[in-house]
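Take a look at the letters that make up each chain.
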Amino acid sequence: MADSKDVITVLEDMIRIDSRNPFHLEKPDEDDVSTWQVAGNETEISNYIENTLEETGFRVEKQYVHTAPDGEKFYNVLGEKGSGDKSILIYGHMDTVTSRPWLTEEQAFTPTRRKREVHGEEKETIVGLASSDMKAGVAAALTAFRNVDPDTHKIKLAFGVDEEYYSLGANVLAASDWMADVKGIVIPEIGNGPNETFGASTIILGRLGRCEYVIDVPGTGGHGAHSYNERFINAATECAKIVGRLDGMRKEHKDEFEFASKEVVGGIGENTIYGSFYVNRVEAGDGSLSVPSGGRIFVDWTFTPNFTIDYGLKKLRDLIEEMYESGELEKVMVSGEFRKITVQPRPRPTPASNAFITPHDHPFTDFVRKAIAETVSFKNYNMGFSVADENVFARIRPDIPVLVVGPLGDDCHVADEWITIDSLLELEKVFTKFGESFGLYE
C-alpha cells in the first residue's frame, strides 16, 4: 500500500463503498431490549480496512459486536502496531447515514473534485457521501503510520460499526480488555460546534450529551359518540396540556457551559456552548371511534456537562407532579385504580450518554496541542454540538481522555458532503506525529 495508495486514494476507495446504516431495528420482545436486533452494512468496508491495516504492518483482529435480523454477524476491526505498556488509540466508525438527500446513489458514491471558498481561500475538495463523516478521518488513520513502528508504545487503530444508530460497536469496544493499556483517544470525527473549525488545527475538547424521554399519558377511553361524557378523560387532550407546559419550560431553560476561557480558546470564536430540549413527537389514540385511552410524548434533550440524564428525568417528573397538584392534569381511574402518567428514558439497545469534556489543561490535551503546533499550527478549541461515539468512551472509560481532531469539511447528513484535500493531508501528518511522539507522553 505504501507504494500504490496514498490517503486521497484510500478515501476515494472508501467513498465508493456502500456502508450506509440501514437504520432497521427488529424487536422480538418489545419489553426486552436484549432481544432487539439491529441491521448492519459494514462488511465490505470492514474487509477493505482489514486488508489495508495488514498491508501497513498492523496486527489485526475482529471483535464481534452484533448479529443482524438476517443472521449476518458484524465486527469492529482492531489494529495494533509497536510495542510497550501504553497505547494511543485512533478510532473511527465505518457506517454512514442515508444517501436519500443526494440526487442519485451514483452521485453519492462517486468521489468528485470541486473548488470552493473556505475561510476566504479557494480550496480543492473531495465531495462524496461520508467524505467528512467520517471516511476522511478513517483514511488518515489508515495511512499515517505506514513508516511508524515504535518500541516505546503501541499505536492502536479501531473502527466501529453502527455509530449512526445506537453506537453498538463503540459500546462493545470501550468495555473490552483491548482498551486496558490505552492512555489517550483521538477521534477524527466532524467537529461542528460554536466555533469555526480549522481541520487538524482545531481540538474539540468534548461533546454535548443526549437522551430521549418518553412520557406515557393514560386516558379513560370511551365511545367517541359520547365524548361529551364528563367521566371520559381524553389522553390526547392531556398530552396537549403537557406539551404546552413543556414549551414554556423550554423557553425558560438555561444550560450554558464554558468549555474554555476566551484566552484559552485562542481569540477565535466563542468559548460557550448551550444545551436545549424540545418535543419531537406526540401520538395518541388509534384512529377508531373511541376517546384515546393512551398517548405518548417524546422529548429530545441535549445536555452540556452542567446537567445529566437523571437531571432531565427529574425535571420532567417534577413537572408532571406539579400539574397533578395544580389540577391541570386529570387523574385517570381504571377499574378503581389510579393510572399515573410515567416518564422514562426511551428504551434503546445501548445506554444514552451524558456530555463530556476533556480539560484544556489535561496532559493529553497538552500533548495533542504540542504535536499539532509542531506539525501544522494550532488555531483554537471547540466543543461538539452532537453526541457521538466519543461520548461512549467517556462514559465507559472516564479515566481515558478523549479528544477530536478531524479534517475540515461540512454538509454532513445532506447532499454534496465535502472535505478539503489540504486538511486531509494535514490530518495525516498530525496523526503521524502522534504515533512518533506518544512515547514522551506520561
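Presented here is an overview of the structure given in this document. Just so you know, these numbers come straight off a predicted model, no measurement behind them.

In this section: the overall build of the chain. Scanning the chain for helices and strands turns up eleven helices and 23 strands. Taken against the 2.2 N^0.38 rule, which gives 22 Å for 442 residues, the C-alpha radius of gyration of the chain at 24 Å falls within 12% of a compact globule. Summarising its shape, the C-alpha atoms of the chain cover approximately 80 × 50 × 45 Å along the three principal directions. Evaluated residue by residue, the chain yields a buried proportion of 53% over its 442 residues. Once local pairs closer than 6 in sequence are excluded, the contacts in the chain between residues at least 24 apart make up 78%. Accessible surface, the chain: about 19300 Å² in total, of which carbon and sulfur atoms supply 45%. Counting 46 positive and 74 negative side-chain charges, the chain places the centres of these two groups 2 Å from one another.

Note on placement: Lys135 falls in helix H4 (residues 131–143). Asp18 provides the closest opposite charge to the buried, salt-bridge-free Lys135, at an N-O distance of 6.9 Å. Of the polar contacts made by the side chain of Lys135, one reaches the backbone oxygen of Ile17; its length is 2.9 Å. When sequence neighbours within four positions are dropped, the list of residues in contact with Lys135 reads Leu11, Met14, Ile15, Ile17, Ser19, Ile45, Thr96, Leu129 and Ala130.

Structurally, the position occupied by Ile320 is in helix H8 (residues 309–326). When its relative accessible area of 3% is taken as the criterion, Ile320 is described as buried. It is 46 Å that separates the C-alpha atoms of Ile320 and Val138, two residues lying 182 residues apart in sequence. If near-sequence neighbours (up to four positions away) are discounted, Ile320 is found in contact with Ile215, Ile242, Leu329, Ile341 and Val343.

To continue, consider the nonpolar core. Membership of the largest hydrophobic core comes to 87 residues, with the highest contact counts inside it found for Ile49, Val368, Phe393, Phe431 and Phe434. Looking at this core element by element, the count peaks at seven residues for H4. Ignoring sequence-local partners within four residues, the contact set of Phe431 consists of Ile90, Gly137, Ala140, Ala141, Ala144, Phe145, Val186, Pro188 and Val405. Counting residues in hydrophobic clusters, the runner-up holds 25 residues, among them Cys211, Phe277, Ile309 and Tyr324.

With 17 residues, helix H11 (residues 421–437) extends 25 Å between its outermost C-alpha atoms, agreeing within 8% with the 24 Å of an ideal straight helix rising 1.5 Å per residue. Inspection of H11 places Ile421, Ser423, Leu424, Leu427, Glu428, Val430, Phe431, Thr432, Phe434, Gly435 and Ser437 among the buried residues, and these make up the whole buried set.

Conventions adopted
Residues numbered from 1 in each chain as written. Predicted model: local features only at pLDDT ≥ 70, side-chain atom pairs only at ≥ 80, totals over all residues. Heavy atoms only, no water. Helix = DSSP H or I, 4+ residues; strand = E, 2+ residues; numbered from the N terminus. Rg over C-alpha atoms; globule rule 2.2 N^0.38 Å. Buried < 20%, exposed > 50% of the residue type's maximum accessible area, 1.4 Å probe, protein only. Contact = heavy atoms within 4.5 Å. Areas by Shrake-Rupley, 256 points an atom, 1.4 Å probe, with all protein chains shown as cover. Lys, Arg positive; Asp, Glu negative; His and termini not counted. Charge placed at Lys NZ, Arg CZ, Asp CG, Glu CD. Salt bridge = Lys/Arg side-chain N within 4 Å of Asp/Glu carboxyl O. Polar contact = N/O pair within 3.5 Å; in protein donor to acceptor, adjacent residues only side chain to side chain. Core = buried A, V, L, I, M, F, W, Y, C linked by side-chain atoms within 4.5 Å. Expected span 1.5 Å × (residues − 1).

The quantities given are spatial measurements derived from coordinates; they are silent on function.
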